[in-house]
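A look at the structure
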Amino acid sequence: MDTIKCLKSRRSIRTYLEKDVPDKLITELIDCAIHAPSSCNTQPWEFIIIRNKETKEKLSEAHRWCSFIKDAPVVIVVCFDSNKLNLSPSNIATTSVAAENILLAANSLGLGTCWVYIKDYNEPEIEQKVKNTLSIPEHINALCMIPVGYPASKPTSKKLTEIEEIIHFEKW
Ligand SMILES: Cc1cc2nc3c(=O)[nH]c(=O)nc-3n(C[C@H](O)[C@H](O)[C@H](O)COP(=O)(O)O)c2cc1C
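If you're wondering where the values come from, they're calculated on a predicted model, not measured in any experiment.

By the criterion of burial, strand 5 (residues 140-149) is predominantly enclosed, with ten of the ten residues buried. The pairing of strand 2 (residues 74-81) with strand 5 spans eight bridges and is antiparallel. When the sheet's bridge partners are listed, phenylalanine 80 is paired in strand 5 with asparagine 141. In this structure, strand 3 (residues 112-113) lies alongside strand 5, joined through two bridges in antiparallel fashion. Looking at the pairing, threonine 113 lines up with valine 148 of strand 5. Two strands pair when backbone bridges link them, and strand 4 (residues 116-117) and strand 5 are joined in this way by two bridges, in the antiparallel orientation.

Right, dumping it as structure tokens:
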């Protein structure tokens, strides 16, 4: 799929067909993620691939906005290693661009995804819950989870802010 078309057609998908997503496609998503730019080329990201039903159910209880992830065939938890990049917000920005690559690559492959937050400085217990569930070590941060599956629905259209309202030329 053409890059512009791919990024303009990406939407959050929260319902999935009962059809497996092969490992080969998941590996391709991760390969796309690791081609992202990273602060000082630190590449601090780590990925946990989850197919186990009980684990997905536990993760889907992390907060009130993620119950649907238990129905996805695969959930990818996107993390970063503080020992590789301990500069905030660069570590979050770097890991976010890798996560966005996953969303875009999935769209290009006909897969549906949704960014589901984990790291929230106002509610640190959410990340701790996920870290406990997945035995994630202290120096690893869990940023977000990405359910992956074949879309079972089409999202309704979304109104975008007019470009004229948010674009500034030369000065604010
Ligand atoms: C940082 C971030 C956190 C998000 N967290 C959640 C979440 O926890 N649960 C959820 O259902 N969607 C979450 N989303 C998805 C947004 O709700 C979605 O991107 C937004 O409504 C726009 O819709 P679209 O992705 O279809 O364009 C998150 C998106 C971002 C960027």
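Once you've had a look at it, read on.
The environment of the ligand is made up of Arg10, Arg11, Ser12, Arg14, His63, Trp65, Phe68, Cys114, Trp115, Val116, Tyr117 and Lys158. Note that an oxygen atom of the ligand is positioned 2.9 Å from one of the side-chain N or O atoms of arginine 10. Here an oxygen atom of the ligand and a side-chain polar atom of arginine 14 are 2.8 Å apart. About the coverage of the ligand: the protein hides 62% of its 620 Å² of free accessible area. Split into classes, the residues belonging to the shell around the ligand amount to six nonpolar, two polar and four charged.

Let's shift gears to helix 2 (residues 23-33). Those residues of helix 2 lying buried are Ile26, Leu29, Ile30 and Ala33. Buried residues of helix 2, seen end-on, are gathered within an arc of 95° and therefore sit on one face of the element. In helix 2, the exposed residues that point more than 90 degrees away from the buried face are Lys24 and Thr27. Buried-residue contacts for helix 2 involve strand 1 (45-50), strand 2, helix 4 (90-108) and strand 5.

Cut-offs used in this document
- Residues numbered from 1 in each chain as written.
- Predicted model: local features only at pLDDT ≥ 70, side-chain atom pairs only at ≥ 80, totals over all residues.
- Heavy atoms only, no water.
- Buried < 20%, exposed > 50% of the residue type's maximum accessible area, 1.4 Å probe, protein only.
- Helix = DSSP H or I, 4+ residues; strand = E, 2+ residues; numbered from the N terminus.
- Pairing = 2+ DSSP bridges.
- Near = heavy atom within 4 Å.
- Polar contact = N/O pair within 3.5 Å; in protein donor to acceptor, adjacent residues only side chain to side chain.
- Areas by Shrake-Rupley, 256 points an atom, 1.4 Å probe, with all protein chains shown as cover.
- Nonpolar A, V, L, I, M, F, W, Y, C, P; charged D, E, K, R; others polar.
- Arc of directions from axis to C-beta.
- Contact = heavy atoms within 4.5 Å.

This is a description of form; function is not addressed.
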